[in-house]
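If you want the building blocks of each chain, they are given just below.
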Number of protein chains: 2
Amino acid sequence: MTMTYPRLDRDGTEPLWMQLMRALRATIESGEFGADRPLPSEAELTDMFGVSRTVVREALRELVQQGLIYKIKGRGAFVSPRKTELNFIGSMSGSADDLRESGRRVTTQTIRQSLGEADEREAALLRIPPGEQVVRLRRLRRVDGQPWLLVDTALPARLVPGLERAVLENQSLYDLLRRRYGIEPAAADRWIEAAFPNREDAALLEVSTSTPLLGIESVAWMPDDTRFEAYYALHRSDQTRFYVGIR
Amino acid sequence: MTMTYPRLDRDGTEPLWMQLMRALRATIESGEFGADRPLPSEAELTDMFGVSRTVVREALRELVQQGLIYKIKGRGAFVSPRKTELNFIGSMSGSADDLRESGRRVTTQTIRQSLGEADEREAALLRIPPGEQVVRLRRLRRVDGQPWLLVDTALPARLVPGLERAVLENQSLYDLLRRRYGIEPAAADRWIEAAFPNREDAALLEVSTSTPLLGIESVAWMPDDTRFEAYYALHRSDQTRFYVGIR
DNA sequence: TGGGCAGACCTGTCATGACAGGACGGCGAT
DNA sequence: ATCGCCGTCCTGTCATGACAGGTCTGCCCA
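Residues numbered from 1 in each chain as written. Chains lettered and ligands numbered in written order. Predicted model: local features only at pLDDT ≥ 70, side-chain atom pairs only at ≥ 80, totals over all residues. Heavy atoms only, no water.

*Asks:* Is there a simple way to think about the protein's contact with DNA strand D in this case?
*Replies:* In the vicinity of DNA strand D there are 22 residues, among which R53 of chain A together with L16, W17, S52 and V55 of chain B approach most closely. Near the protein, within 4 Å, the atoms of DNA strand D are sugar or phosphate in 69% of cases. Note that a phosphate oxygen of DNA strand D is positioned 2.9 Å from one of the side-chain N or O atoms of R75 of chain B. Of all the secondary-structure elements, those providing two or more residues to the surface near DNA strand D are α3 (53-66) and β1 (69-72) of chain A together with α1 (16-29) and α3 (53-66) of chain B. Among the elements that take part in the surface near DNA strand D, α3 of chain B stands out by supplying three residues, more than any other. Classifying every residue of the surface near DNA strand D gives six nonpolar, six polar and ten charged. (Near = heavy atom within 4 Å. Polar contact = N/O pair within 3.5 Å; in protein donor to acceptor, adjacent residues only side chain to side chain. Helix = DSSP H or I, 4+ residues; strand = E, 2+ residues; numbered from the N terminus. Nonpolar A, V, L, I, M, F, W, Y, C, P; charged D, E, K, R; others polar.)

Dropping the structure here:
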């Protein structure tokens with residue numbers, strides 16, 4: 001067992017379990033472990049990181065939830081076989097702007113970025129009065145050069161002052177929200193349907209208007225229940241199906 | 001606080017946290033609590049049920065995961081507003097045959113039920129050799145009389161001897177698997193795409209062949225990693241969108 | 001009347017300990 | 001060589017305790 005890990009920061013604000021989860025996740029994603037290879041046992045991890053078994057279990061539980069590992073009672077934890085599909089729908093970190101790269105070239109082009117007034121739908125999702133200021137983004141996600149996802153996002157302007165002028169190209173919106181505005185996502189609701197694109201959307205996604213696409217509506221909120229993001233996305237599932245892992 | 005709860009069985013095999021989760025869930029689903037109403041605090045629940053806070057937290061965590069409740073630090077846990085959509089994709093209990101009823105009349109008609117040999121796709125999903133015996137089910141789910149979901153399921157015959165002759169009408173397949181075969185689901189992988197139905201499927205679902213539907217492929221397994229179920233489902237999202245809650 | 005502070009109550013994090021039961025390997029007996 | 005048993009190691013469950021920090025209410029003072 002030759003793994004080396006960063007020391008966990010006991011004085012910071014980030015919980016130990018989260019730091020540990022990140023460290024393990026980084027190792028797994030580095031490719032150091034192949035599919036179905038065992039991780040160190042819980043007891044070993046408590047020794048290696050100098051934390052309690054509670055912390056280790058919490059970190060591992062999260063990795064199981066994310067589908068990166070699986071656990072078998074009496075045997076241990078193992079690295080899950082690599083998913084070729086992207087866990088976009090079923091993971092918070094898999095949101096439109098925080099898509100995990102799986103050896104694919106992912107680019108994001110911002111088509112529109114403006115201030116506006118929340119319409120009825122946006123207001124209902126974001127739990128704000130209709131007409132309240134929102135920042136609206138329209139972005140096109142490409143995977144290996146192919147259009148893949150077209151997302152229309154609305155965020156309450158009062159939460160993200162200046163976002164309508166920020167540089168967003170190939171940026172993770174969630175990172176930006178976290179660093180600049182202290183927005184920590186806690187949970188999201190998502191609704192999925194099959195839909196046809198209109199003429200404009202079809203052109204952007206380079207499909208015909210009779211191509212069936214996945215439509216995903218989403219609203220996300222912070223730990224204090226404040227809705228900070230609503231989006232509607234069109235996805236070309238003819239290219240890549242959406243994966244959801246249930247743990 | 002006038003709630004009455006069943007006593008938890010300390011001598012059985014079912015973990016206390018799971019029993020508690022079920023009890024709370026039953027209360028919530030009975031309608032006794034309205035949306036956003038507070039649950040008893042963790043401390044109160046430990047007193048009421050005579051269990052440790054660990055057990056209470058585990059039960060509540062599971063309910064949060066299922067989207068039935070939400071928690072706010074410093075304030076407590078609250079009943080989530082009732083979802084009108086069914087949590088089919090993102091929940092193990094929301095599998096094709098264990099759909100939660102939300103005040104809707106749900107019926108299931110078995111169209112086909114037979115023994116067969118696993119084809120390449122079934123074999124890959126179930127991790128069995130092609131040609132191995134599988135039980136195949138084709139079922140049509142109706143909600144309020146409207147066709148809603150058409151599911152083709154394959155299960156390794158060696159795990160479910162006699163299932164091809166069992167009475168399945170309006171039965172929960174998961175209940176049956178649990179009671180008769182001791183099959184306990186642990187996790188699942190699911191893939192979602194937009195698709196068109198073929199002529200036969202379109203007729204069953206009462207749509208045209210140019211109606212876009214959601215296609216869901218799924219494989220589920222037990223704690224020992226044995227794949228016990230694979231299905232492909234077509235869903236009419238023109239009727240009801242699919243909901244996924246991220247917690 | 002309004003604002004600030006303290007205390008009580010809440011969930012979140014973490015440590016420690018114990019026991020149950022599943023998995024696996026080694027050893028001994030047949 | 002094979003099978004069964006035992007010991008060790010593993011995760012799962014559960015209890016207990018402590019502390020941090022968020023929330024809310026009531027009280028006191030200006």
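*Asks:* Looking at this structure, how should I read the pattern of salt bridges?
*Replies:* A pair can form between side chains of opposite charge whenever their charged atoms are brought close. Residue and element names in this part refer to chain A. By the definition in use, this model includes 26 salt bridges over all chains. A salt bridge links E58 to R61, with the shortest nitrogen-to-oxygen separation between them at 2.9 Å. Of the two residues, E58 and R61 both sit in helix α3, three residues apart, roughly one turn of that helix. For E58, a relative accessible area of 27% puts it in the partly exposed group. (Salt bridge = Lys/Arg side-chain N within 4 Å of Asp/Glu carboxyl O. Buried < 20%, exposed > 50% of the residue type's maximum accessible area, 1.4 Å probe, protein only.)

*Asks:* I'm lost on the environment of R236 of chain B in this one. Help?
*Replies:* Residue and element names in this part refer to chain B. Inspection of the secondary structure puts R236 in the loop between β8 (227-235) and β9 (242-246). With a relative accessible area of 8%, R236 lands in the buried category. The residues contacting R236, other than those within four sequence positions of it, are Q146, P147, W148, L205, E206, V207 and L213. A polar side-chain atom of R236 sits 2.9 Å from the main-chain carbonyl oxygen of L205. (Contact = heavy atoms within 4.5 Å.)

*Asks:* Looking at this structure, how should I read the side chain of E164 of chain A?
*Replies:* Residues and elements named next belong to chain A. Relative to the elements of secondary structure, E164 occurs in the loop between β5 (146-156) and α5 (173-181). Among the polar contacts listed, one links the side chain of E164 to the side chain of R165, at a separation of 3.1 Å. Those residues within four positions of E164 in sequence are excluded, and the remaining contacts are Q113, S114, L115 and V135.

*Asks:* Hey, could you run me through the relation of the copies chain B and chain A in this one?
*Replies:* The operation relating the pair of chain copies consists of a rotation about an axis and a translation along that axis. Mapping chain B onto chain A calls for a screw motion: a turn of 180 degrees about the axis and a shift of 0.0 Å along it, with 0.2 Å RMSD after fitting. Taken together, the rotation and translation describe the operation of a two-fold axis. Mapped onto chain A, 100% of the interface residues of chain B again fall at the interface, so both copies present the same surface. (Least-squares fit on C-alpha atoms with pLDDT ≥ 70 in both.)

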